[in-house]
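Descriptive analysis of the structure
Each chain is listed here by its residues.
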Amino acid sequence: MEEKRKVIFSGIKPSGDLTLGNYIGAIKNWVKLQDEYDCYFCVVDLHAITVRQEPKDLRQRTLEILSIYIASGIDPDKNTLFIQSHVPVHSEAAWLLNCYTYMGELSRMTQYKDKSQKLGDSISAGLFNYPVLMAADILIYNADLVPVGKDQKQHLEIARDIAERFNNIYSPTFVIPDAYIPTEGAKIMDLQDASKKMSKSEENPNGYILIMDPPEVIRKKVSRAVTDSLGIVKYSDEQPGVKNLINILSVLTKASPEEIEKNYEGKGYAQFKSDVAEAIIKELEPIQTKVKELMANKSYLEEIYKKGAEKANYVSMKTLRKMQKKIGLIPISK
Ligand code: TYM
């Protein structure tokens, strides 16, 4: 009998155009893991609507993210690729899990604290409950592993806490998921301010590189990246801008930071930055071409997300039924 493979779940929210941070911190690792695991890769549109979205843009971005998954090398025949809102179990399970989650633990989430500082009282209840929906995403597939960037670590911890709590109150129901955070590239920093992560919601576009940025834009943004006046390519916390660029180059060329330091001994920043830009372009250009092809073939995309939703629905429904039964909700016979 075929051995049951371990399960992976991960997702990206279509709240803005994807950045190099999303690619290196998440997608690039998914591609590596797909042969070994039973993978669910989701476009988490319900998470995106925790802040206001233009409907037309949301639709476009959702399909573009699906295209980026495929164009980056995620095989739609081997993996389950789908859109979160196509599988109602996510919302249903999130409601149930909300009743096993404390206001206190949700208000301690850094992402919530940051956003509520900005938005004050007009922060949506959806942003507060966001981690519960994320826990539902993961737990309904009994995922063993969740490959994410470092910024999602706290959300993974609360998902584990909720799962353990439910298991303890009733009986073992959920697998307790582990985060899989890459050793390199777990946090790609903003090119203009290396103290914060590169983010699609950042206001200054020079701070991020988008997966779909044309080559000339990538060259311009990298050449403008903030470094320092030391003029030495060194992997050091005292040179956060340079360190970030070394990290990017290292992930993309597979050269270690030490090798990179050596290669640029006595060379200054101009050549280094130009090589970083070219490495990014080399990685992204074929993906961009494929994304454009896929976006012109909506019926193919539809075929994939329909098939994905069917499988995801079947698997997650089994977990939902278990949850309902344990809680004491009356099952209805088929
Ligand atoms: P999101 O959409 O903000 O980001 C998607 C993935 O990209 C990673 N990432 C980064 N990695 C390295 N450097 C960066 N600068 C960087 N920026 C983003 C994120 O860590 C993430 O892995 N809540 C999630 C989406 C989500 C999810 C889930 C993820 C919803 N349900 C279940 C895993 C499992 C989010 O907002 O990711």
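So, how was this worked out
Residues numbered from 1 in each chain as written. Predicted model: local features only at pLDDT ≥ 70, side-chain atom pairs only at ≥ 80, totals over all residues. Heavy atoms only, no water. Helix = DSSP H or I, 4+ residues; strand = E, 2+ residues; numbered from the N terminus. Buried < 20%, exposed > 50% of the residue type's maximum accessible area, 1.4 Å probe, protein only. Contact = heavy atoms within 4.5 Å. Domains from an automatic or database assignment. Buried area = accessible area lost by both parts, 1.4 Å probe. Pairing = 2+ DSSP bridges. Right-handed = clockwise from strand over helix to strand, strands pointing away. 1 Å grid on protein atoms, 1.4 Å probe; cavity = no way out; pocket = protein on both sides within 12 Å on 5 of 7 lines; lining within 4 Å. Points joined across faces, edges and corners; volume = space filled by probe spheres on them. Nonpolar A, V, L, I, M, F, W, Y, C, P; charged D, E, K, R; others polar. Near = heavy atom within 4 Å. Polar contact = N/O pair within 3.5 Å; in protein donor to acceptor, adjacent residues only side chain to side chain.

1. Considering the environment of Leu 139
Examined against the element boundaries, Leu 139 turns out to sit in helix 7 (residues 125-139). Classification of Leu 139 by relative accessible area gives buried; the value is 1%. Residues Leu 139 and Phe 174 lie 35 residues apart in sequence; the distance between their C-alpha atoms is 6.1 Å. Setting aside chain neighbours within four positions, we find Leu 139 in contact with Leu 97, Ala 159, Ala 163, Phe 174, Val 175, Pro 177 and Thr 319.

2. Examining the domain arrangement of the protein
Assigned domains within the protein: domain 1 (7-185 + 298-327) and domain 2 (205-292). Spacing between the C-alpha centres of domain 1 and domain 2 amounts to 30 Å. With 15 residues of domain 1 at the contact, the number on the domain 2 side is 16 residues. Interface area, domain 1 with domain 2, both sides summed: about 1400 Å², of which 74% is carbon and sulfur.

3. As for the pairing of strand 2 (residues 38-43)
Counting buried residues along strand 2, six of its six residues qualify, which places the element largely inside the surrounding structure. Along strand 2, one buried face is formed by Asp 38, Tyr 40 and Cys 42 and the opposite face, lined by Cys 39, Phe 41 and Val 43, is buried too. The pairing of strand 1 (residues 7-12) with strand 2 spans six bridges and is parallel. By the bridge assignment, Ile 8 is partnered in strand 2 with Cys 39. Taken together, strand 1, helix 1 (residues 20-33) and strand 2 constitute a β-α-β crossover, and its handedness is right-handed. When strand 2 meets strand 3 (residues 80-83), the two strands line up parallel, connected through four bridges. Directly across from Cys 42, in strand 3, lies its bridge partner Phe 82.

4. Here we look at empty space enclosed by the protein
One pass over the structure, following the stated rule, counts one cavity of 30 Å³ or more. What the largest cavity holds in volume is close to 50 Å³. Per-class residue counts for the lining of the largest cavity are five nonpolar, two polar and one charged.

5. Some remarks on the site of the ligand
Around the ligand sit 27 residues in total, of which Lys 13, Tyr 130, Asp 137, Asp 151 and Ile 188 are the nearest. Contact between the ligand and Tyr 130: an oxygen atom at 2.6 Å from a side-chain N or O atom of the residue. Between an oxygen atom of the ligand and a side-chain N or O atom of Asp 151, the distance comes to 2.5 Å. Contributing elements (two or more residues each) for the shell around the ligand: strand 1, helix 1 and helix 7.

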